[in-house]
Amino acid sequence: VTRIASRLTDRRHLPHTLALLMVLGGTPTIYAGDEQGMSGVKEERAGGDDAIRPLFPPTPAALPADGWGTYRLHQDLIGLRRRNPWLHRARTERLTCTNTTLVLRSTAREGDGSPLLLALSVDDAPVTLEVPGAAAVLAGSGRLHDGVVELDPHGWAVLGA
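Note that the coordinates shown come from a computational prediction; the quantities given were computed from them, not determined experimentally. (Residues numbered from 1 in each chain as written. Predicted model: local features only at pLDDT ≥ 70, side-chain atom pairs only at ≥ 80, totals over all residues. Heavy atoms only, no water.)

Overview of the overall build of the protein chain
Scanning the protein chain for helices and strands turns up 3 helices and 8 strands. Mapped in sequence order, the helices and strands of the protein chain form the string α-α-α-β-β-β-β-β-β-β-β. Rg of the C-alpha trace for the protein chain: 17 Å, near the compact-globule value of 15 Å for 161 residues, within the 12% margin. Oriented by its inertia axes, the alpha-carbon framework of the protein chain measures out at about 50 × 40 × 35 Å. Across the protein chain, contacts joining residues at least 24 apart in sequence account for 54% of those joining residues at least 6 apart. Counting every atom, the protein chain has about 9000 Å² of accessible surface; 52% of that belongs to carbon and sulfur. Of the charged side chains in the protein chain, 17 are positive and 18 negative; the average position of the first set lies 6 Å away from that of the second. (Helix = DSSP H or I, 4+ residues; strand = E, 2+ residues; numbered from the N terminus. Rg over C-alpha atoms; globule rule 2.2 N^0.38 Å. Contact = heavy atoms within 4.5 Å. Areas by Shrake-Rupley, 256 points an atom, 1.4 Å probe, with all protein chains shown as cover. Lys, Arg positive; Asp, Glu negative; His and termini not counted. Charge placed at Lys NZ, Arg CZ, Asp CG, Glu CD.)

Here it is in structure tokens:
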């Protein structure tokens, strides 16, 4: 399939996509190279998957330096998901949805975990979003106080209840 990074019109939103992938219910799939932010478009023709199957370097040290931030973000978000195994069967509820912002709450079906909230912004200006029940910023960048999270332009945060 076409790589996630190639589907985006703005690379600043790759963290948003990864946060969605890790906070929504189901089983996330990461294609080899996506953890480095590699791009590639699958084409419907003979040899059409060449762009998504590059030759990897012989050692991790030879990978492009600009991919390590995306790699670390994958590590952080996968760690968050592992600490919340109930996410596999989570229910997700939309709390806020505008043209430039989204707030979701994922909850356990059996009550075996505290809800997680995900606040996303693709706005060019800072935003303040209501995040009812949020108690801590677990990933991303946001400033939490009095039931709201402040996000920088194109910011995001995963919040714990």
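Having seen it, we continue.
Description of the side chain of Ser-106
Considering the arrangement of structural elements, one finds Ser-106 in strand S2 (residues 101-107). Residue class for Ser-106 comes out buried when judged on its relative accessible area of 1%. A distance of 3.0 Å separates the side chain of Ser-106 from the backbone oxygen of Val-23, its partner in a polar contact. At 3.0 Å, the side chain of Ser-106 and the side chain of Thr-92 are in polar contact. Those residues in contact with Ser-106 that sit more than four places away from it in its chain are Val-23, Leu-24, Trp-86, Leu-87, Ala-90, Arg-91, Thr-92, Pro-115 and Leu-116. (Buried < 20%, exposed > 50% of the residue type's maximum accessible area, 1.4 Å probe, protein only. Polar contact = N/O pair within 3.5 Å; in protein donor to acceptor, adjacent residues only side chain to side chain.)

Comments concerning helix H3 (residues 68-83)
For H3, spanning 16 residues, the distance from its first C-alpha to its last is 23 Å, which sits close to the expected 22 Å at 1.5 Å a residue. When H3 is considered as a whole, its buried residues turn out to be Thr-70, Leu-73, His-74, Leu-77, Gly-79, Leu-80 and Arg-81. At its buried positions, H3 is contacted by helix H2 (14-23), strand S3 (116-121), strand S5 (136-140) and strand S8 (156-160). (Expected span 1.5 Å × (residues − 1).)

Some thoughts on the pattern of salt bridges
Applying the stated criterion across every chain, the model contains 7 salt bridges. We note a salt bridge from Glu-43 to Arg-45, for which the minimum N-O separation is 2.5 Å. Taking relative accessible area as the criterion, Glu-43 reaches 37% and is therefore assigned partly exposed. As a salt-bridge pair, Asp-152 and Arg-143 come within 3.1 Å of each other at their nearest N and O atoms. When its relative accessible area of 34% is taken as the criterion, Asp-152 is described as partly exposed. Classification of Arg-143 by relative accessible area gives partly exposed; the value is 38%. When salt bridges that share partners are traced, they join Arg-143, Glu-150 and Asp-152 into one network. (Salt bridge = Lys/Arg side-chain N within 4 Å of Asp/Glu carboxyl O.)

This is a description of form; function is not addressed.
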